[in-house]
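# Chain and residue survey
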Amino acid sequence: MNRALGIELRRGVGVWASVPLIAAGTAIALAHPRDWAGDWLGWGYYLRIMLIVVGPLVVAVAAWQGGRERRRGLVELLDSTSLSPLRRSLAAYASPAVWASLAFGVVAAAMGAVTATHSTYAGPPILLALSAVAAVVMFAALGFVAGRLLPWRGTAPLLAITTYVAVAATAYTDAPAAYLSPGVQLFFSDSPARWWAPTTAAVFLSVAAAALLLLGPRSRWLSPAALVLAVLLSQPVIRAGEDAFTVDAAAEALVCADGSPQVCLTQRHAGQLPEVAATVQQVLAGLEVAGPINEQRFGEEYLREQGTLNTLYLGADLNGQADLEVVREDAGNLAVQLRCDGPVDPPDDDAYSATFDMAAWVRDRPEPPYSGVLQGRSEQEVLTLIKAVAPAAARCDLKAVQGLLDAP
Amino acid sequence: MSVRVDGLSLAYRKTRVLDKLDLSLDGGVHGLLGPNGAGKTTLVRVLATVLPPHEGTVRLLGNDVTNRRERTELRRRLGYLPQQLGYFPGFTVREFVEYMAWLKEVPAARVPAAVDDALERVDLTERADSRMRTLSGGMLRRAGIAQAIVNNPELLLLDEPTAGLDPEQRVGFRALLRALGQESTVVVSTHLVEDVASACSGVVLLDAGQVQWTGTADQLAAAGVDGVGDTPSERGYLALLRGARA
């Protein structure tokens, strides 16, 4: 078996397919580095997202390998041999399954190396990654068996398209069963329950086994049993649905920097706290007496326990780190912009745009003379105005803002 | 008896290809002769266990081909070269033969020596590491024979084995056939009467899905002294065929 397996791994389609699979995985990873490079949970979830494209490719490669014997006119010769069709099939299946898994692993490892340089919280969610690899194994099995049963040259591309559509379609359904599909968007701040990744991996492997068992005349009767096992294993995932994902309290715990105003980030991004805090404090320097800024802390946009905390949009650079330009802009906006729940009435449009001008001034600290609503004022007068306007803007009190602007 | 066939019938849809065929073969090299459509290839495929008989019984090396366990046991002792040899073009010749040895469940420890021996017997040792896709038609045929004999089969089935071989290779192949016939039962389906005359100890003439005549190569040559044909064997073949159809 080992020698035959070696031949299959050297000569099967898998070894060649691994190159485009790595290329596809790399391209997907580079398309959205902000989603995964910043923290390990994002990395784990993004491996699943990659399967939306990688999965159909694996299906196509495996289908091509599955149809190989009939395409090459070898069925009759192979059928005259004594080895069981299942063992024969497993050796041929190994090529796409092993190489696709390795290719996926290479991309995951490269992404992990990038994430490791930036993420300061926790470690890689290995079980999530293994679940994604189990899905690759499943895609390979489904493709291989389909290629065996439908040894037509068009089977591989047709299956790839069908799989892509089927997986992508799950993104548009809210059925709990869709949580088994990589097409479902997971919330990057929520962690799965401990049982979730191993259970999904077991479901994927059971489906793979059910498919492969169909290829042996004697093992065929076991296929429904494997399928039943997959259905049973999937029940906790289906029942739990979204509930399997909860906020990781430890990850969301706040870590605060010294200084005023106080800037806090979640533990997940604690490594970026010094530079984010310095940026916020630099932008808001001189505005210490402005009501809402002085009294409140700053944090990340998706914090659940906001309370009196100002939420700060961190953005993300290509490495998933906080984008300091975005932080500067958002800190300026927080200082003085109107915070209204609904749309602003047209008569108050002047007050609305005036707060924009003041936010831009806070952010950019331009040299006088100033333009717009700040025209003709000195730096000290602008600071005084902003400190006066800030509390009214925070209350969305447009009349008060307008009154302050109109005052001599 | 290596091959014992009783009342074998087989039809493709409504066309009966083998019609209550009886055949017994043991040891040596046996040539299956017959015109196109006589049922030679179908008979060889049944003997290779890739086609199940529709009627009748087929026992090979003492095993009933319709019994799964016996069929599996038989296949370990069987060598088969189909008329159209499929292959994996990316495999080397050695890998192809080695892979087939694995499929025939040759014990792992014996595989390297068995592969070397098979390649040497078909004179392909020098091309052992060439990819299958680079071989000429004759070499592919020899690679096909190598995979068929890699398990030292007790029953070797060769369907048109000399197709694509040049005269020198054909002469060498006949010598190989004779050598193989010393230790196993070899059934060669061919339309080349000269191959049968040179290499086969026994001859089976097939027509219309039935065995029309059996005998030795010498008896074949003697059967058509005054008939048409370029060689005694051809004359014998044609005379026997016409006699069967009369």
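Report follows, based on the coordinates.

Calculation criteria
Residues numbered from 1 in each chain as written. Chains lettered and ligands numbered in written order. Predicted model: local features only at pLDDT ≥ 70, side-chain atom pairs only at ≥ 80, totals over all residues. Helix = DSSP H or I, 4+ residues; strand = E, 2+ residues; numbered from the N terminus. Rg over C-alpha atoms; globule rule 2.2 N^0.38 Å. Contact = placed C-beta atoms within 7 Å. Pairing = 2+ DSSP bridges. Buried ≥ 20, exposed ≤ 12 C-beta atoms within 10 Å, placed from the backbone. Expected span 1.5 Å × (residues − 1). Arc of directions from axis to C-beta. Axes fitted to C-alpha atoms, helices over the stretch in contact; angles between N-to-C directions. Parallel < 35°, antiparallel > 145°, perpendicular 65-115°, else oblique. Left-handed = near helix turned anticlockwise from the far one by under 90°. Nonpolar A, V, L, I, M, F, W, Y, C, P; charged D, E, K, R; others polar.

Let's shift gears to the overall build of chain B. Tallying secondary structure elements over chain B gives 9 helices and 10 strands in all. At 18 Å, chain B has a C-alpha radius of gyration in line with the 18 Å of a compact globule built from 246 residues. With the C-alpha coordinates of chain B rotated into their principal frame, the extents come out at 55 × 40 × 35 Å. Counting contacts in chain B only where the partners sit at least 6 residues apart, residues at least 24 apart contribute 64% of the total.

Time to look at the sheet that holds strand β2 (residues 15-25) of chain B. Here 4 strands make up an open sheet; going across it, the order is β2-β1-β4-β5 (chain B) and the pairing antiparallel. Each end of this open sheet is capped by a strand with a single partner; those strands are β2 and β5 (63-64) of chain B.

With that settled, consider unusual backbone geometry. The linkage connecting P368 of chain A with the following residue, P369 of chain A, adopts the cis geometry, with an omega of 5°. With respect to the helices and strands, the residue P369 of chain A is situated in the loop between α15 (349-364) and α16 (379-394). The phi dihedral of R365 of chain A is positive, around 45°, even though this residue is not glycine. Look at R365 of chain A and you get partly exposed, because 14 C-beta atoms sit within 10 Å. Look at K20 of chain B: it is not a glycine, yet its phi comes out positive at around 50°.

Residue and element names in this part refer to chain A. Between its first and last C-alpha atoms helix α8 (residues 155-169) spans 21 Å; for 15 residues at 1.5 Å apiece the expected length is 21 Å, and the two agree. Inspection of α8 places T155, A156, L159, A160, T163 and V167 among the buried residues, and these make up the whole buried set. Looking straight down α8, one finds that the buried residues subtend no more than 130° of arc, so they occupy a single side. Turned more than 90 degrees off the buried face of α8, the exposed positions are I161, V165 and A169. Check the buried side of α8 and you find it contacts α3 (40-66) and α7 (126-149).

Residue and element names in this part refer to chain A. Packing of α3 against α8 leaves a shortest axis separation of 8 Å and a crossing angle of 155°. Classified by the interaxial angle, the pair formed by α3 and α8 is roughly antiparallel. At the point where α3 passes α8, the crossing takes the right-handed sense. Between α3 and α8, the contacting residues are I52, G55, P56, L57, V59, A60, A63 and W64 on the first element and T155, A156, P157, L159, A160, T163, Y164, V167 and A168 on the second. Along the lines of polarity and charge, the residues of the contact of α3 with α8 split into 14 nonpolar, 3 polar and no charged.

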